[in-house]
Amino acid sequence: MYFVLVWQYKNYVSDNAIEQLLKFVQQILFCIGHLIKEHTELCFVLATNLPTTLYSARKFLGIDRDNFHQDVVCPKCIKLYQIDEIVVNTGRQSFARTCDNLPFPRAKRPKTCGAQLAQKIILKNGSVKFYAYKTYCYKSIIDSLETLLKHPGLEEQCEKWKSRKIDDDLYADVYDGQIWKQFGYWKGNKPFLDLARSFGTHDSPSATVKIQASILCFASDIPAARKLCGFLGHSARRGCSHCYKEFPGGFGEQRNYGGFQDRDQWPKRSSQQHRRDAYRVKNCTSESASEKLASQLGVRYTVLLELPYYTSIEMCVIDPMHNLFLGTAKRVFSKWIENEIITKEGLEKIQKSIEEISSLSDIGRLPGNIKSNYGGYTAAQWKNFVLLFSMYSLKDVLSDQHLHYWQSFVLACRLLCKPCITKTDLMLADCKLLHFVKEYEKINGELAVTPNMHLHLHLKECVQNYGSIYGFWLFSFERYNGILGSYHTNNKTVEIQIMRKFMTSGILGNMQYHLPEEYRDFFLQGCRNQIDSKGTCPSLDNVLPLHLMMASCGPFIGKESVWADLTLISFESTYKLGSLDRNELASLRSVYLTLYPKITEASLNLATLYKKYKSLSVGGERYGSTAGFRLCPYAHIIASWCGDNGDINPGMQRPGIIRHFIVHSVEIDGKQAIHAFAIVNWLRLSEQDFGFGNPLSVWYARNFEDSGPAVFLPVQRIHSKFLFACKLYSGQQYFICSPICRRILL
């Protein structure tokens with residue numbers, strides 16, 4: 001029964017279809033009971049007790065899909081009311097209640113809101129029903145935390161951040177940002193994260209646990225962020241949530257968001273001043289006075305100010321997904337088409353260029369049919385277009401001046417869209433964004449500048465506060481919105497129907513930890529496969545640790561413990577045995593001496609045999625080879641390993657094509673160690689770039705570096721994969737390579 005409901009919610013099967021399935025299973029059990037006489041009684045008992053409706057199935061499993069609060073929302077002032085308060089019954093008649101909220105209680109003549117909370121509906125049988133105009137469904141945070149605390153291993157996961165060791169120069173996660181490090185220091189209190197059980201730990205399902213929780217940040221698009229965090233809209237005179245820069249433009253006029261030459265003189269907002277100004281706006285005696293003062297100060301009151309630790313400027317983060325991709329990328333591309341900088345023929349040429357580039361299935365949605373569909377591109381499609389396809393496809397379509405500032409934008413996005421970013425790269429990304437907005441304003445005019453372009457110059461502060469943008473951008477949130485939007489409803493009381501389905505899906509996901517132990521091994525794995533099929537995060541087992549990520553670049557010193565650590569490397573089940581010849585053994589010996597600079601050649605004893613594989617996974621990311629046709633597209637990698645003439649050079653990144661993988665055993669100072677290598681053909685750099693600028697690079701397609709020690713690449717040294725387009729110039733084939741950012745979670 002548990003599997004059937006999980007299967008329904010993960011594959012969006014209708015309720016009627018499930019009930020028909022249950023009834024059919026019941027009839028099968030009756031039929032088996034008639035055919036097999038020795039099991040007649042058992043089959044009849046099973047068939048009789050089998051639920052045949054979804055109501056009885058949920059009751060059988062103990063699923064309460066209505067375990068949430070329902071409040072009625074005033075459609076005008078958004079005050080909340082209990083569901084049983086919206087109807088007034090005088091004894092003779094019933095009518096819908098009106099909102100009695102006083103928005104400005106200090107006014108000389110306070111006025112109530114007066115908006116109706118519900119509409120009156122007369123049913124076919126003559127009875128009268130009242131339906132709320134707006135309903136707010138809310139699941140208790142306490143209940144949700146209690147559910148999380150029952151998950152096995154939660155305490156260990158919550159404690160892992162305390163044992164992280166990371167260079168101070170890196171922003172890899174929220175733990176590396178200033179907010180996490182300084183959190184809880186308001187009014188001289190102890191740091192919140194140093195208090196006992198500040199994250200909530202768990203000893204047993206029946207133990208009483210005291211949990212201390214707080215809000216860390218608020219991430220959304222611009223309109224929602226301004227309403228939630230207490231700022232004016234982006235069209236206001238003071239429309240920035242991070243500085244007091246004023247945007248010229250009167251009523252009915254387009255705001256001028258340009259002016260980047262004086263960036264260092266922009267007056268910064270402070271959370272303390274924002275709190276004082278917001279309470280001044282709240283204490284106004286009329287709506288007109290409130291709006292006037294809010295316009296002057298650039299703030300509004302928000303109930304979040306009742307949280308004593310709330311810092312409005314720092315906690316209102318800029319979402320890079322909306323800011324960079326759904327904002328600037330989409331706007332600039334649309335502007336090019338509006339101004340006929342890109343014509344219809346140009347769009348066709350762009351689409352043709354995109355199709356020339358090799359693609360991988362694990363990079364997400366591709367920007368397809370750009371001529372007619374670019375307006376409906378998702379954030380993931382814009383992200384892939386900007387990072388991987390745009391510099392190649394726009395080369396012969398845009399003029400040099402437009403392509404120049406777009407290149408700055410692309411390079412900035414590539415730097416920011418790293419799971420782990422250094423402080424140097426962050427400063428460089430900020431400089432690239434500043435150059436982009438200045439050049440864009442210079443060429444297209446001040447009125448073409450958008451609020452998102454101004455906010456680009458505050459992204460650096462958000463990364464400094466919260467670490468890598470992977471920690472606070474909204475791709476996962478938007479993806480989950482898509483899952484909720486795919487739930488089928490009857491277009492009436494949509495909020496309640498979606499909430500019920502959401503509750504049921506969550507309960508089914510948590511139920512896997514509390515199923516009966518009997519027969520658990522037979523059925524649990526199939527249920528988990530269904531649960532993990534959609535809308536879930538990567539397994540924690542596939543998270544690549546910091547030391548392995550750092551091994552993919554930089555010098556070799558201090559990384560000796562990484563090369564023989566194969567715990568996060570997964571191999572396929574089949575392999576072939578091979579043997580190394582004398583030249584290969586000499587090259588491999590040189591590789592070991594490079595990886596372990598403190599050992600001597602006499603301390604090495606290399607095995608002649610090795611295991612040969614077609615593919616493997618490093619930290620959950622799969623790599624293929626030309627030995628396996630199906631995974632051949634995953635054989636194109638980039639690594640800092642090969643220099644000129646096949647020698648090892650850790651400072652130069654070079655693309656290569658993996659022929660196959662080997663697992664080799666070596667004895668170092670009497671101790672056995674096993675290593676995994678990729679056998680790579682390294683591409684040779686072209687003398688001409690044919691006008692393809694950074695981040696693209698041009699390499700000979702069939703001309704490789706000489707064989708040498710660099711042929712043996714430790715798989716931990718693989719930096720990333722790359723996409724490429726094959727071009728023919730003067731009878732010679734070239735690869736135009738576009739590197740893919742490696743997806744590493746820390």
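Some details on the environment of Tyr-244
For Tyr-244, the position within the fold is in the loop between α8 (222-229) and α9 (271-282). In this structure Tyr-244 comes out as buried when scored by relative accessible area, which is 15%. Residues Tyr-244 and Pro-267 lie 23 residues apart in sequence; the distance between their C-alpha atoms is 5.3 Å.

Topic: the pattern of salt bridges
Within this structure, the stated rule accounts for 20 salt bridges. Taking the shortest distance from any N to any O, the salt bridge between Arg-654 and Glu-705 comes out at 3.1 Å. Here Arg-654 is found in strand β16 (residues 648-668), whereas its partner Glu-705 is found in the loop between β18 (697-704) and β19 (712-714), with 51 residues between them in sequence. Given a relative accessible area of 1%, Arg-654 falls into the buried group. A salt bridge links Glu-705 to Arg-684, with the shortest nitrogen-to-oxygen separation between them at 3.9 Å. Remark: Arg-684 occurs in strand β17 (residues 671-685) and Glu-705 occurs in the loop between β18 and β19; sequence separation between them is 21 residues. One network of salt bridges, with partners in common, ties together Asp-644, Arg-654, Arg-684, Glu-705 and Asp-706.

What about empty space enclosed by the protein?
Scanning the model with the defined rule gives four cavities of 30 Å³ or more in all. Space inside the largest cavity adds up to approximately 110 Å³. Residue lining of the largest cavity: 14 residues in total, with Ser-220, Ile-222, Val-317, Ile-318 and Leu-455 positioned closest to the centre. Counting residues per element, the lining of the largest cavity draws most heavily on α8, which supplies three residues.

Some details on the sheet that holds strand β10 (residues 569-571)
With antiparallel pairing, three strands are arranged side by side in an open sheet as β10-β13-β14. Each having just a single partner strand, β10 and β14 (621-623) make up the two edges of the open sheet. Pairwise comparison of adjacent strand axes, ignoring direction, gives a mean angle of 25° for this sheet. Two strands pair when backbone bridges link them, and strand β13 (residues 616-618) and β14 are joined in this way by three bridges, in the antiparallel orientation.

Some points on the packing of aromatic side chains
All chains considered together, the criterion is met by 40 aromatic pairs. Ring geometry for Tyr-175 and Trp-180: centres 5.0 Å apart, planes at 85°, overall edge-to-face. For Tyr-175, a relative accessible area of 25% corresponds to the partly exposed category. Within the aromatic cluster, the residues linked to one another by ring pairs are Phe-333, Trp-336, Tyr-374, Tyr-377, Trp-382, Phe-385, Tyr-405, Trp-406, Phe-409, Phe-436 and Tyr-440. In this structure, Lys-395 is placed above the aromatic ring of Phe-692, and the distance from its NZ or CZ to the ring centre is 4.9 Å. Lys-611 extends its terminal NZ or CZ atom over the ring of Tyr-575, reaching a point 4.8 Å from the ring centre.

Observations concerning the sheet that holds strand β7 (residues 135-138)
Within the open sheet, the three strands sit side by side as β2-β1-β7. Their pairing is antiparallel. Of all the strands in the sheet, the pair left with one neighbour each is β2 (80-82) and β7. Strand-to-strand twist of the sheet, defined as the mean angle between neighbouring strand axes without regard to direction, takes the value 40°. In this structure, strand β1 (residues 69-73) lies alongside β2, joined through three bridges in antiparallel fashion. Directly across from Val-73, in β2, lies its bridge partner Leu-80. On the sheet, helix α21 (residues 494-511) packs against β1 and β7 and is oriented at approximately 15° with respect to β7.

Observations concerning the packing of α9 against helix α10 (residues 287-297)
Contact geometry of α9 with α10 gives a least axis separation of 9 Å together with a crossing angle of 165°. With respect to each other, α9 and α10 are oriented roughly antiparallel. Between α9 and α10 lies a crossing whose hand is right-handed. Contacts between α9 and α10 involve Asp-277, Arg-280 and Val-281 on the former and, on the latter, Ser-290, Leu-293, Ala-294 and Leu-297. Split into classes, the residues belonging to the contact of α9 with α10 amount to four nonpolar, one polar and two charged.

Concerning the confidence of the model for the chain
The predicted coordinates should not be examined in detail at positions where pLDDT is low. On average, the chain scores 86 in pLDDT, and the residues at 70 or more come to 92%. Scored below 50 in pLDDT, residues 197-205 makes 24 contacts in the model with residues more than four places away or belonging to other chains. The low-confidence segment residues 534-543, where pLDDT is below 50, has 13 contacts with residues more than four positions distant or belonging to other chains.

Remarks on the nonpolar core
Counting residues in each nonpolar core, the largest one holds 100 residues, and the members touching the most others are Phe-333, Ile-342, Phe-385, Leu-394 and Trp-406. Once residues lying within four places of it in the same chain are set aside, the contact partners of Leu-394 are Phe-333, Trp-336, Ile-342, Ile-350, Phe-385, Leu-403 and Trp-406. Of all hydrophobic cores here, the second largest spans 53 residues; its members include Phe-556, Trp-563, Leu-606 and Ala-673.

Observations concerning the side chain of Ser-505
By the element assignment, Ser-505 lies in helix α21. In contact with Ser-505, other than residues within four places in its own chain, are Tyr-9 and Tyr-487.

Focus: unusual backbone geometry
Between Asn-694 and Pro-695 the backbone carries a cis peptide bond, its omega angle lying at 15°. One non-glycine residue, Phe-690, lies in the positive phi region at around 55°. Among the secondary structure elements, Phe-690 is positioned in the loop between β17 and β18.

Description of the pairing of β1
Both β1 and β7 contribute to a ladder of four bridges, which runs antiparallel. Bridged to His-69 within β7 is Tyr-138. If you look at the hairpin formed by β1 and β2, you'll find six residues sitting between the two strands, and Ile-78 has a positive phi there, around 60°.

Topic: a positive patch on the surface
A grouping of Lys-576, Lys-612, Lys-614 and Arg-659 is seen on the molecular surface, where their side chains present a positively charged patch. Take Lys-576: it is sitting in strand β11 (residues 576-579). Under the relative-accessibility criterion, Lys-576 is labelled exposed at 58%.

Regarding helix α24 (residues 582-595)
Given 3.6 residues to a turn, an α-helix orients residues that are three or four positions apart in the same direction. A rise of 1.5 Å per residue sets the reference length of α24, with its 14 residues, at 20 Å; its end C-alpha atoms lie 20 Å apart and thus fit the reference within 8%. Residues Ser-587, Leu-588, Val-591, Tyr-592 and Leu-595 constitute the buried set of α24. One side of α24 holds all its buried residues, which, seen down the axis, span an arc of 145°. Exposed residues lying more than 90 degrees from the buried face of α24 are Arg-582 and Asn-583. Contacts made by the buried residues of α24 are with β12 (604-613), β15 (636-642), β16, β17 and β19. Its side-chain oxygen at 3.2 Å from the backbone nitrogen of Asn-583, Asp-581 defines the N-terminal cap of α24.

Scoring rules and cut-offs
- Residues numbered from 1 in each chain as written.
- Predicted model: local features only at pLDDT ≥ 70, side-chain atom pairs only at ≥ 80, totals over all residues.
- Heavy atoms only, no water.
- Helix = DSSP H or I, 4+ residues; strand = E, 2+ residues; numbered from the N terminus.
- Buried < 20%, exposed > 50% of the residue type's maximum accessible area, 1.4 Å probe, protein only.
- Salt bridge = Lys/Arg side-chain N within 4 Å of Asp/Glu carboxyl O.
- 1 Å grid on protein atoms, 1.4 Å probe; cavity = no way out; pocket = protein on both sides within 12 Å on 5 of 7 lines; lining within 4 Å.
- Points joined across faces, edges and corners; volume = space filled by probe spheres on them.
- Pairing = 2+ DSSP bridges.
- Axes fitted to C-alpha atoms, helices over the stretch in contact; angles between N-to-C directions.
- Phe/Tyr/Trp six-rings, centres within 6.5 Å; stacked < 30°, edge-to-face > 60°.
- Lys NZ or Arg CZ within 6 Å of the ring centre and 35° of its normal.
- Contact = heavy atoms within 4.5 Å.
- Parallel < 35°, antiparallel > 145°, perpendicular 65-115°, else oblique.
- Left-handed = near helix turned anticlockwise from the far one by under 90°.
- Nonpolar A, V, L, I, M, F, W, Y, C, P; charged D, E, K, R; others polar.
- pLDDT = per-residue confidence, 0-100.
- Core = buried A, V, L, I, M, F, W, Y, C linked by side-chain atoms within 4.5 Å.
- Patch = residues over 30% accessible without salt bridge, like charges linked within 9 Å, V, L, I, M, F, W, Y side chains within 5 Å.
- Areas by Shrake-Rupley, 256 points an atom, 1.4 Å probe, with all protein chains shown as cover.
- Lys, Arg positive; Asp, Glu negative; His and termini not counted.
- Charge placed at Lys NZ, Arg CZ, Asp CG, Glu CD.
- Expected span 1.5 Å × (residues − 1).
- Arc of directions from axis to C-beta.
- Polar contact = N/O pair within 3.5 Å; in protein donor to acceptor, adjacent residues only side chain to side chain.

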